[in-house]
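Now for the letters of each chain:
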Amino acid sequence: MRDFIDRTKRLFVGRPVSSRGLGQTLLPKRVALPVFASDALSSVGYAPDEVLITLSVAGAAAATLSPWIGLAVVAVLAIVVMSYRQTVYAYPSGGGDYEVVTDNLGPRAGTLVASALLSDYVLTVAVSISSGTAYLAAAVPAVAPYKVQIAVAVASILAIINLRGTRDAGSAFAIPTYLYMAAIGIMAVVGFAQEFTGHLGQAPSGAYTLESSWDQGLTSLAGVFLILRAFSSGCAALTGVEAISNGVPSFRRPKSKNAATTLAMLGLIAAVMLMSVIHLAGSTGVKMAEHPATELLLNGQPVGPKYHQDPVIGQLAATIFADFKPMFYLVTAVTGLILVLAANTAFNGFPVLASVLGRDQMLPRQLAARGDRLAYSNGIAVLWLGALAFIIGFAADVNRLIQLYIVGVFISFTLSQVGMVRYWTRQLKTSTDATRRKQMRRSRVVNAIGVFGTGVVLIIVLLTKVTRGAWITLLVMAVLYLIMNAIRRYYTSVGEQLAIDDLHDWRVGPARVHAIVLVSRLHKPTMRAITYAVSTHPTSIEAVNVDTGGDEARELVKLWREDQIDVPLTILDSPFRDIVRPILTHVRSIRRDSPRDLVVIYLPEYVVRHWWQQILHNQSALRLKAALLFIPGVVTASVPWLIGSAAPVSQPAALPYRAS
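A brief report on the enclosed structure follows. (Residues numbered from 1 in each chain as written. Predicted model: local features only at pLDDT ≥ 70, side-chain atom pairs only at ≥ 80, totals over all residues. Heavy atoms only, no water.)

Along the backbone of the protein there are 24 helices and eight strands. Taking all 660 residues of the protein together, 52% fall into the buried category. Relative to all contacts within the protein whose residues are 6 or more apart in sequence, the contacts with residues 24 or more apart total 82%. When the accessible surface of the protein is summed, it comes to about 29000 Å², and 63% of that surface belongs to carbon and sulfur atoms. (Helix = DSSP H or I, 4+ residues; strand = E, 2+ residues; numbered from the N terminus. Buried < 20%, exposed > 50% of the residue type's maximum accessible area, 1.4 Å probe, protein only. Contact = heavy atoms within 4.5 Å. Areas by Shrake-Rupley, 256 points an atom, 1.4 Å probe, with all protein chains shown as cover.)

Attention now goes to the packing of helix α3 (residues 47–55) against helix α11 (residues 255–284). The geometry of α3 relative to α11 is characterised by a closest axis approach of 10 Å and an angle of 40° between their N-to-C directions. It follows that α3 is oblique to α11 by the angle criterion. The crossing of α3 and α11 is right-handed. Contacts from A47, P48 and L52 of α3 reach α11 at L274, V277, I278 and A281. Grouping the constituent residues of the contact of α3 with α11 by class yields seven nonpolar, no polar and no charged. (Axes fitted to C-alpha atoms, helices over the stretch in contact; angles between N-to-C directions. Parallel < 35°, antiparallel > 145°, perpendicular 65-115°, else oblique. Left-handed = near helix turned anticlockwise from the far one by under 90°. Nonpolar A, V, L, I, M, F, W, Y, C, P; charged D, E, K, R; others polar.)

Tracing the backbone through its elements, the reader meets G234 in helix α9 (residues 221–234). Considered as a pair, G234 and L52 are 182 residues apart in the sequence and their alpha carbons are 9.3 Å apart. Look past the residues within four positions of G234 in its chain and what remains in contact with it is A47, V51 and V73.

All right, on to the nonpolar core then. Counting residues in each nonpolar core, the largest one holds 128 residues, and the members touching the most others are Y180, M187, L238, L266, V331, L357 and F410. For F410, the residues in contact, after removing those within four places along its chain, are V76, C235, L238, T454, V457 and L458. Within the second largest apolar cluster, 19 residues are counted, among which are V544, L584, L603 and L624. (Core = buried A, V, L, I, M, F, W, Y, C linked by side-chain atoms within 4.5 Å.)

Here the focus is helix α19 (residues 434–465). Look at α19: 46 Å from first C-alpha to last across 32 residues, which is about the 46 Å you get at 1.5 Å a residue. Looking at where α19 begins, the residue whose side-chain oxygen comes 3.2 Å from the main-chain nitrogen of T435 is D433. (Expected span 1.5 Å × (residues − 1). Polar contact = N/O pair within 3.5 Å; in protein donor to acceptor, adjacent residues only side chain to side chain.)

Okay, a nonpolar patch on the surface next. On the surface, a cluster of nonpolar side chains totalling about 380 Å² of accessible area is made up of W471, L475, V479 and I483. Among the secondary structure elements, W471 is positioned in helix α20 (residues 470–498). (Patch = residues over 30% accessible without salt bridge, like charges linked within 9 Å, V, L, I, M, F, W, Y side chains within 5 Å. Salt bridge = Lys/Arg side-chain N within 4 Å of Asp/Glu carboxyl O.)

Turning our eyes to something else, we now look at the sheet that holds strand β3 (residues 301–302). Read across the sheet, three strands follow the order β1-β2-β3 without closing on themselves; strand pairing throughout is antiparallel. Among the strands making up the open sheet, the edge pair consists of β1 (209–210) and β3. Where β1 and strand β2 (residues 296–298) come together, two bridges link them in antiparallel fashion. The residue bridging T209 from the neighbouring strand is L297, located in β2. (Pairing = 2+ DSSP bridges.)

The subject of this paragraph is the sheet that holds strand β4 (residues 515–518). Within the open sheet, the five strands sit side by side as β6-β5-β4-β7-β8. Their pairing is parallel. Bordering the open sheet on either side are β6 (569–573) and β8 (634–642), each of which pairs with just one other strand. The mean angle between the axes of side-by-side strands here comes to 30°, regardless of whether they run parallel or antiparallel. Pairing between strand β7 (residues 599–607) and β8: nine bridges, direction parallel. Its bridge partner being in β8, Y606 is matched across the sheet by W641. Helix α24 (residues 620–628) contacts β4, β7 and β8 of the sheet and is inclined by roughly 150° relative to β7.

Time to look at the packing of aromatic side chains. A ring pair, where both rings are aromatic, is described by two values, the distance of the centres and the angle of the planes. Here the structure, examined in full by the defined rule, presents seven aromatic pairs. The interplanar angle of 20° and the centroid separation of 6.0 Å between the aromatic rings of F390 and F394 together place this pair among those described as stacked. The exposure class assigned to F394 is buried, which follows from its relative accessible area of 13%. Where Y423 meets W424, the ring centres are 4.9 Å apart and the plane angle is 70°; that geometry is what we call edge-to-face. (Phe/Tyr/Trp six-rings, centres within 6.5 Å; stacked < 30°, edge-to-face > 60°.)

Now the structure itself:
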């Protein structure tokens, strides 16, 4: 059965990659740009639509404000890009906003930012895939009844591609992303040329008028609120910018420099594309309405429910390439595709952030481990399940999902910039180099501007979107915040219980009879397992640890030698980070050398009080026992350690032991 599961897994995600191949999965800028920028660039596909739809409430005249709103969005984008360029240099470890805020504003603020980012990544996948599916349904009406199933299938395919590793995912998404940028760029150039020569036509919706009951005027309080709402909708173009700060470890060296360059390229491309689309939409007379069947009029009459409202880019492509249909189809096809592939930004950002949170004991530790393709497989699976919940729960309805969007990301933007201001202030107190201090002051000014810019947008977003569904995002963030705090308290409590107070209480005498004790690290459960093994008087004894990479094995060897534990320690190398297979190979080699001997394997195991606590601990012992069950001449012995008890379970008498 295990072989069948392994072969099936290899079919989908490929052969294991050795830990030594981690450097080969790092991304050059040309691949990192499509991997991390697809979310922000894809927003050009729907941000102009949201701006025009919001302004349509006040009639066609209000659409003339769209270029100014676009400029305001670009200004905020420039502030965010410049601010995050400081972040990738100061914090290149991949923690991004979470690490910045935790380090400078404290763990509670860091947990808040983590909950905001995690929820926003999940929504990014749900919104992007639902939007792409809606684009497909508009082009092929026959698939409209199956848009939820299609969205679920697409999310699953993206998850499988990302399970194959970052490099494979980057290669798969690079061509469509560059095609999208090229198609929008060609459309913009041709459109501007037609406008300059007087040959730019009218958009398909240009002949319509907008029905408006708006009589308050745009200079009234209600008008200002409407403009702010349009601005907050346009700020969807900023989502995904933070992903690069979380993905710095995925870049080739020099990591920070390459990440900062990619961030600048992203900002420039997104700004040019956004302003080009908004300007051409105004020049061609594009009309968008929240309820087009009743709000769009032709000769004074509503167009009716049979009218299909094409997105802005679709209308521009139809107008600009009216005499060259292949280019029209290319633009619409790659735009729909990029909306789906935008979810890949979240598939890169979420697992990295979850791994950092796992290492910090804010999420289950399993999320910190890389899979056999060097991707954070558990994080990818969690993101996939969360996205499916939103896709199915909201029936892949973009209009409902979009209201939940961007709240979390601007919370993280603002707190991150506050954290960076405090970071530079703290650095200035200790730095004496004049040139360095000048750079720090300049960086602090940039981040201070970022605090103001993103803070204003956050207030606008909260005022304009909470009543339209964003309260759900805030609720999800609150739940995640409580869960992460509960997990952290639990792991802290477990760590205090397992810490060795006095190593002299766990004395191990000279070995006389044979056994294998599996060791993950030197703590109370390990010493109990060794004590039990020695008490059975085996003919030989060894402690075995599997080195899956990192510094844990070296640290264990160091502590083992320093405390002069008289049980030999064997380190098994596992280049593919698999714990079970190296142990099986080692046990089989002992059985081949001494086929009549009995091999007894002692496994330290945690005994928890509640079923839900079981998922917070690695299940390696269960997998090992299942695998060893089929090897003749091998006995496994579980050595329990009850977590949460006032006294240890059946404490054995101390055995002779030599300590330093």
